[in-house]
There are 2 protein chains.
Amino acid sequence: MKNFEFHNPTKIVFGADTVAKLSKLVPETARVLILYGGASAEKTGTLAEVRSALGNRTVQEFGGIEPNPSYETLMRAVEQVRREKLDFLLAVGGGSVIDGTKFVAAAALYAGEPWEIAERGGANIKQALPFGTVLTLPATGSEMNAGSVITKKATHAKLAFHSTLVYPQFSILDPRKTFTLPVSQVANGLVDAFVHTTEQYLTYPAQARVQDRFAEGLLQTLVDIAPTAIDTPDDYDTRANLMWTATLALNGLIGAGVPQDWATHMIGHELTALYDIDHARTLALVLPALLDVQREPKRAKLLQFGERVWNITSGSDDERIDAAIARTRAFFEGLGIPTRLSAYALGQDAVEAVLKQLEAHGMTALGEHRDIDLARSRRILEAAL
Amino acid sequence: MKNFEFHNPTKIVFGADTVAKLSKLVPETARVLILYGGASAEKTGTLAEVRSALGNRTVQEFGGIEPNPSYETLMRAVEQVRREKLDFLLAVGGGSVIDGTKFVAAAALYAGEPWEIAERGGANIKQALPFGTVLTLPATGSEMNAGSVITKKATHAKLAFHSTLVYPQFSILDPRKTFTLPVSQVANGLVDAFVHTTEQYLTYPAQARVQDRFAEGLLQTLVDIAPTAIDTPDDYDTRANLMWTATLALNGLIGAGVPQDWATHMIGHELTALYDIDHARTLALVLPALLDVQREPKRAKLLQFGERVWNITSGSDDERIDAAIARTRAFFEGLGIPTRLSAYALGQDAVEAVLKQLEAHGMTALGEHRDIDLARSRRILEAAL
């Protein structure tokens, strides 16, 4: 096991009818900005619940944070926070709204040009406004971590930043808030949580038995609940398991003390920035191809993954690895999520365009061994055609 | 899944050579009291390492905290803290030292008679001194939770208290600190972590799939590492897995959103208070007997436990439950830990004495269904003869 530090101060408030607890979680004297995405937050009644729980506090709102939240949009929220002297942020939505809120929390108190926060990966964050979240879409884990991904529309740049100063103070997870989600977003969430887990698990053996068991437990759970999560939107327990699984997939726990990959994410980010493909859907494009190309460095863990997650115990090692990758691909496709670039009418031109972006962003040594250079990214992308 | 709150603010610093990080973790201006147990902390060099890392800070020491830390001993530490105006505590040891430090942290700032803290279960703690820990014995999980168990020698009372104010600020977990432990303490640690897990897992199905998988992962890991943990004291990775497993077994994670039992602990506490049997050893006495007596209310989970932890898949339901309990009993016995009261020369008299204590302490409705009354506790104790 590698040395590690684990410190996750976010308070999780989980369960039915928990939005009302905002009345105790947000300081009485706070000047609050509620941040949200599209019209669904209003339509579903969640915003009304939130307003009611906040009672007599000073509350303003900022809607319109888009999927893959943009610097351009978020800077308008930063201006509102500064102008109105707001001092507490409340994200109501999914990973995009929460990621965007993290940026606003840091940018509002940042002395320079806030895009520098993304450019420096968050290392230059010295302070941030406190904030909480009301999660409505289980997928990214942003509700219990200190990471964020922001896109600059002007340059198609999609950059991640991290800082311990942007952990949410609290996150409210009410599984019933997911009942009204479109099926496609639930499918995206299942894939997102699955790939977050594999990025921290499918590397090489590191004698981290608990982390392996926990990662396998999350993957098994996602596979087990997927059919009901898709077919029965109001099955409370299934949605509760999805919500808690997605949170635990990226809260630092399964990644503590183990090697990590994240190449699937880095390549996927370029596909989103260039072609506006949903984040999770880019992961489904890249992961099966990457596992195939990286089968040698990942051999031992791919065999373990096959046996413990997919119950694949017969055949040669390569046959078992083939079967594990095929089962993973079939899992994504079964959710209605394509695993081939051709499904988006993308071909060799896209491969070249993505490679150019990876080079421009310095993504030339990805993966747990830093062995995914541009040549190997090319092989991965071509295997995804 | 039940509604839950999960909030664990303890920072874990895990790995080889991490004691030196105390120099950054403890405030520069702190007036520190180091609390420890017996002579081993000095002999192994751990105290010297701690002193060195604390540098020029004002540091005092308080040794002699015994297993099952006593109110009588701890009150001397409280007096020292108050007299010397110390403001930061550092526990160096295992669960007893850490539990004791939690009591000192709260008692030093408590206006009334500090034993009231134990009597009220911690509900009357309004403030506590900040403290950190250097863990040397993986077992209790006290390094990452807010619970403590204190014994009053005068009355043989062993009482637990909880308060979010007594989470350690940080805990340093260096697996190498366990290399010099006596085999019996390692065996105790394996059993303690195992039973902490079963207390939160072997109840009834609650549609908490992730918590089940995580609990099973901890149990599987303990079973897998036990032989090497016992036979090869300096196997770093094995001890690292033991240490991290024991911490995760009782940090609130696997218990979030699920029913819990804790009857094994409550009955075990009386055995320790009356006969001075090591805490973990009392759990090994009670658990197999309790699972047998409670096989009806626990039927579904016992079958799941048998299948997922012990790979028991054939036979009638009752045969599989018998086999799961037998495997659990054999696991404890294989570690050199008896599962029968007769091994301690205790018989029917002890049963009567424990029942009297349970009644005196109001422990008359134990277990996840509150159905373990004195009559059922009698059946459990008699099944352990």
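What you are looking at is a predicted structure, and each value in this text was computed from that prediction instead of being measured. (Residues numbered from 1 in each chain as written. Chains lettered and ligands numbered in written order. Predicted model: local features only at pLDDT ≥ 70, side-chain atom pairs only at ≥ 80, totals over all residues. Heavy atoms only, no water.)

## Quick word on the overall build of chain A
In terms of regular secondary structure, chain A is built from 15 helices and nine strands. Compactness check: chain A gives a C-alpha radius of gyration of 20 Å against a globular reference of 21 Å for 385 residues, within 12% of the reference. The principal-axis extents of the C-alpha atoms in chain A amount to approximately 65 × 45 × 45 Å. The contacts in chain A between residues at least 6 apart in sequence include a share of 78% that link residues at least 24 apart. (Helix = DSSP H or I, 4+ residues; strand = E, 2+ residues; numbered from the N terminus. Rg over C-alpha atoms; globule rule 2.2 N^0.38 Å. Contact = heavy atoms within 4.5 Å.)

## Quick word on the interface of chain A and chain B
Interfaces are frequently sized by the accessible area removed from exposure as the parts join. Across the boundary between the two partners, chain A contributes 39 residues, which contact 39 residues of chain B. Contact between chain A and chain B buries roughly 3,600 Å² in total, counting both sides, with carbon and sulfur atoms accounting for 57%. Linking chain A with chain B are six salt bridges. In this structure, Glu5 of chain B and Lys11 of chain A form a salt bridge, with 3.4 Å as the shortest nitrogen-oxygen distance. Elements represented by at least two residues in the side of chain A that touches chain B include exactly strand E1 (4–6), strand E2 (11–14), helix H8 (209–231) and helix H9 (236–248) of chain A. Broken down by element, the residue count for the side of chain A that touches chain B peaks at eleven residues, all from H8 of chain A. Counted by class, the side of chain A that touches chain B contains 19 nonpolar, 13 polar and seven charged residues. Bridge count between E2 of chain A and strand E1 (residues 4–6) of chain B: three bridges; the pairing is antiparallel. Looking at E1 of chain B, one finds that Ile12 of chain A is bridged to Phe6 of chain B. (Buried area = accessible area lost by both parts, 1.4 Å probe. Salt bridge = Lys/Arg side-chain N within 4 Å of Asp/Glu carboxyl O. Nonpolar A, V, L, I, M, F, W, Y, C, P; charged D, E, K, R; others polar. Pairing = 2+ DSSP bridges.)

## Concerning the relation of the copies chain A and chain B
Note that the two copies of the chain are related through a rotation about an axis and a translation along the same axis. For the pair chain A and chain B, the relating rotation is 180 degrees, the translation along its axis is 0.0 Å, and the fit reaches an RMSD of 0.0 Å. Viewed as a symmetry operation, the transformation between the two copies matches a two-fold axis. Closest approach to the rotation axis within chain A is made by the C-alpha atom of Pro9 of chain A, at a distance of 2.3 Å. (Least-squares fit on C-alpha atoms with pLDDT ≥ 70 in both.)

## Some points on the nonpolar core
What tends to happen in soluble globular proteins is that the nonpolar side chains get buried as a cluster. Counting residues in hydrophobic clusters, the biggest one holds 238 residues, and the most contacted among them are Leu190, Trp244 and Phe305 of chain A together with Leu190 and Phe305 of chain B. Examining the composition of this core, we find that eleven residues originate from one element, helix H8 (residues 209–231) of chain B, more than from any other. Setting aside its immediate chain neighbours within four residues, Leu190 of chain A contacts Leu222, Ile225, Ala226, Ala229, Ile230, Leu242 and Leu335 of chain A. (Core = buried A, V, L, I, M, F, W, Y, C linked by side-chain atoms within 4.5 Å. Buried < 20%, exposed > 50% of the residue type's maximum accessible area, 1.4 Å probe, protein only.)

## Things to note about the UniProt feature "domain: Alcohol dehydrogenase iron-type/glycerol dehydrogenase GldA" (unreviewed entry) in chain A
UniProt records the feature "domain: Alcohol dehydrogenase iron-type/glycerol dehydrogenase GldA" (unreviewed entry) for residues 9–175 of chain A in the present numbering. In residues 9–175 of chain A, the share of helix is 29% and the share of strand is 25%. The end C-alpha atoms are 22 Å apart. (UniProt positions renumbered as here; feature names shortened; annotations may be inferred.)

## Considering empty space enclosed by the protein
All names here are of chain A. Summed over all chains, the structure comprises two cavities of 30 Å³ or more. Each pocket or cavity is described by its volume, and for the largest cavity that value is around 70 Å³. Taken together, the residues that form the lining of the largest cavity break down as seven nonpolar, four polar and no charged. Of the volumes computed, that of the second largest cavity is approximately 60 Å³. Lining the second largest cavity are 14 residues; nearest its centre among them are Gln200, Tyr201, Asp212, Val258 and Lys301. Each residue belonging to the lining of the second largest cavity can be placed in one class, and the counts come to eight nonpolar, four polar and two charged. (1 Å grid on protein atoms, 1.4 Å probe; cavity = no way out; pocket = protein on both sides within 12 Å on 5 of 7 lines; lining within 4 Å. Points joined across faces, edges and corners; volume = space filled by probe spheres on them.)

## A few points about the pattern of salt bridges
All names here are of chain B. For the structure on display, the rule yields 48 salt bridges over all chains. Two residues, Lys298 and Glu368, come together in a salt bridge whose shortest N-O distance is 3.0 Å. Taken together, the residues Lys298 in the loop between helix H11 (279–293) and helix H12 (299–310) and Glu368 in the loop between helix H14 (348–360) and helix H15 (374–383) connect sequence positions 70 residues apart. Comparing Lys298 with Glu368 shows no difference in burial state: the two are buried.

## Focus: unusual backbone geometry
The backbone of Trp262 of chain B sits at a positive phi, close to 70 degrees, despite the residue not being glycine. Positive phi is not limited to glycine here, since Arg370 of chain B has a value of about 55 degrees.

## What about the pairing of strand E8 (residues 157–162) of chain A?
Residue and element names in this part refer to chain A. In this structure, strand E7 (residues 147–152) lies alongside E8, joined through six bridges in antiparallel fashion. Across the sheet, Ser148 pairs through a bridge with Phe161, a residue of E8. Turn length for the E7-E8 hairpin, with the two strands adjacent in sequence and antiparallel, is four residues, and the turn residue His156 shows positive phi of about 55 degrees.

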